[in-house]
Structures are given as C-alpha cells and as structure tokens.
Amino acid sequence: QVQLVESGGGLVQPGGSLRLSCAASGFTFSNYAMGWYRQAPGKERELVAGINRSGGSINYADSVKGRFTISRDNVKNTVYLQMNSLKFEDTAVYYCRGQDSWDPRFVYWGQGTPVTVSS
C-alpha cells in the first residue's frame, strides 16, 4: 500500500521555523522525484520545492528561495522541508508529492499538513 505521510506542520509566529517531514512507504522511494506543494485558502496548489531522486537537482519557487530547504534521505525513505523566516503568506496546507522518474504516470500525494503563520 502506497503511503506518503506528512508531519511537522503547526502554528508558528512570523520569522519562526518549522521542519516538515514526509515518510514514504509502499514504493521504491529512491526512484521517485519528490516535491512539496502548498495550497492556501482560495488559491490553487503550487509547487514549493522539488528534488530529484538522487538529491542532486533541486528547485524552489521564487517566493521561498533562501528561506526553505528541501532534502531527502533515501535510507529513511523520507523527504524534508526546512522552513525558516516564515511569513504570513506561507500559511497553507503543505502536501508531499512523489513521481516515478522512470514512469511519470505514477504520481502519489500525501494527505497534507497545515502550516499557519500567525502572531
């Protein structure tokens, strides 16, 4: 059974930090490019950060560059998103996504973890 389980979301003050984790199971994690997406109320889901299967290629949305860091551990089958200097506009539900690097038809999503930046 394929699962992507996010954790680490919560309430944080502006300027604070959170670390999201996404634990994968049920598929060969090291074959999958992984990404973090977010969806704010009333807005479309957007890509926050992506990392290829080896971790050697990473990309970020302009809005989070210099503040967020994506990483992965192919032994622990987990992808992380370190979020620093959080802003009000980072408030959203954050989703983990995996896509098979060899067969892009295989795409999996987690259930999401909410992040609220508020004073």
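Please read these numbers as outputs of a predicted model, since none were measured by experiment.

So, how was this worked out
Residues numbered from 1 in each chain as written. Predicted model: local features only at pLDDT ≥ 70, side-chain atom pairs only at ≥ 80, totals over all residues. Heavy atoms only, no water. Helix = DSSP H or I, 4+ residues; strand = E, 2+ residues; numbered from the N terminus. Rg over C-alpha atoms; globule rule 2.2 N^0.38 Å. Buried < 20%, exposed > 50% of the residue type's maximum accessible area, 1.4 Å probe, protein only. Contact = heavy atoms within 4.5 Å. Lys, Arg positive; Asp, Glu negative; His and termini not counted. Charge placed at Lys NZ, Arg CZ, Asp CG, Glu CD. Salt bridge = Lys/Arg side-chain N within 4 Å of Asp/Glu carboxyl O. Polar contact = N/O pair within 3.5 Å; in protein donor to acceptor, adjacent residues only side chain to side chain. Pairing = 2+ DSSP bridges. Axes fitted to C-alpha atoms, helices over the stretch in contact; angles between N-to-C directions.

1. A few points about the overall build of the protein chain
For the protein chain, the helix and strand inventory stands at zero helices and 11 strands. Relative to the 2.2 N^0.38 estimate, which gives 14 Å for 119 residues, the radius of gyration of the protein chain is 14 Å and therefore close to what a compact globule would have. For the protein chain, the C-alpha atoms occupy an extent of roughly 40 × 25 × 25 Å along the three principal directions. Looking at the protein chain residue by residue over its 119 residues, the buried ones come to 40%. Long-range contacts, defined here as pairs at least 24 residues apart, represent 55% of the contacts in the protein chain between residues at least 6 apart. Positive and negative charge centroids in the protein chain, built from 12 and 9 side chains respectively, lie 3 Å apart.

2. Re the pattern of salt bridges
Should their charged atoms come close, side chains of opposite charge can pair. Using the criterion set out here, one finds five salt bridges in the structure. Taken together, the salt bridges that share partners define one network made up of Arg38, Glu46, Arg67 and Asp90.

3. Considering the side chain of Arg67
Its place among the elements puts Arg67 in the loop between β6 (58–60) and β7 (68–73). Given the relative accessible area of 10%, Arg67 is considered buried. For Arg67, the side chain forms a polar contact with the main-chain oxygen of Ser63, separated by 2.9 Å. Other than its neighbours up to four places away in sequence, Arg67 contacts Gln82, Met83, Asn84, Ser85, Leu86, Lys87 and Asp90.

4. Focus: unusual backbone geometry
Trans peptide bonds make up most of the peptide bonds, and negative phi angles are found at most residues other than glycine. Backbone geometry places Asn77, a non-glycine residue, at a positive phi of 55 degrees. Mapping Asn77 onto the fold places it in the loop between β7 and β8 (78–83). For Asn77, a relative accessible area of 25% puts it in the partly exposed group. One non-glycine residue, Ser85, adopts positive backbone phi at about 50 degrees. Note that Ser85 resides in the loop between β8 and β9 (92–100).

5. Quick word on the sheet that holds strand β1 (residues 3–7)
One open sheet holds the four strands; their spatial order is β1-β3-β8-β7, and the pairing between them is antiparallel. Every other strand in the sheet has two partners, leaving β1 and β7 as the edge strands with one partner each. Geometrically, the sheet is characterised by an average inter-axis angle of 15 degrees between neighbouring strands, direction not taken into account. Here six bridges tie β7 to β8, and the two strands are oriented antiparallel to one another. By the bridge assignment, Ile70 is partnered in β8 with Leu81.

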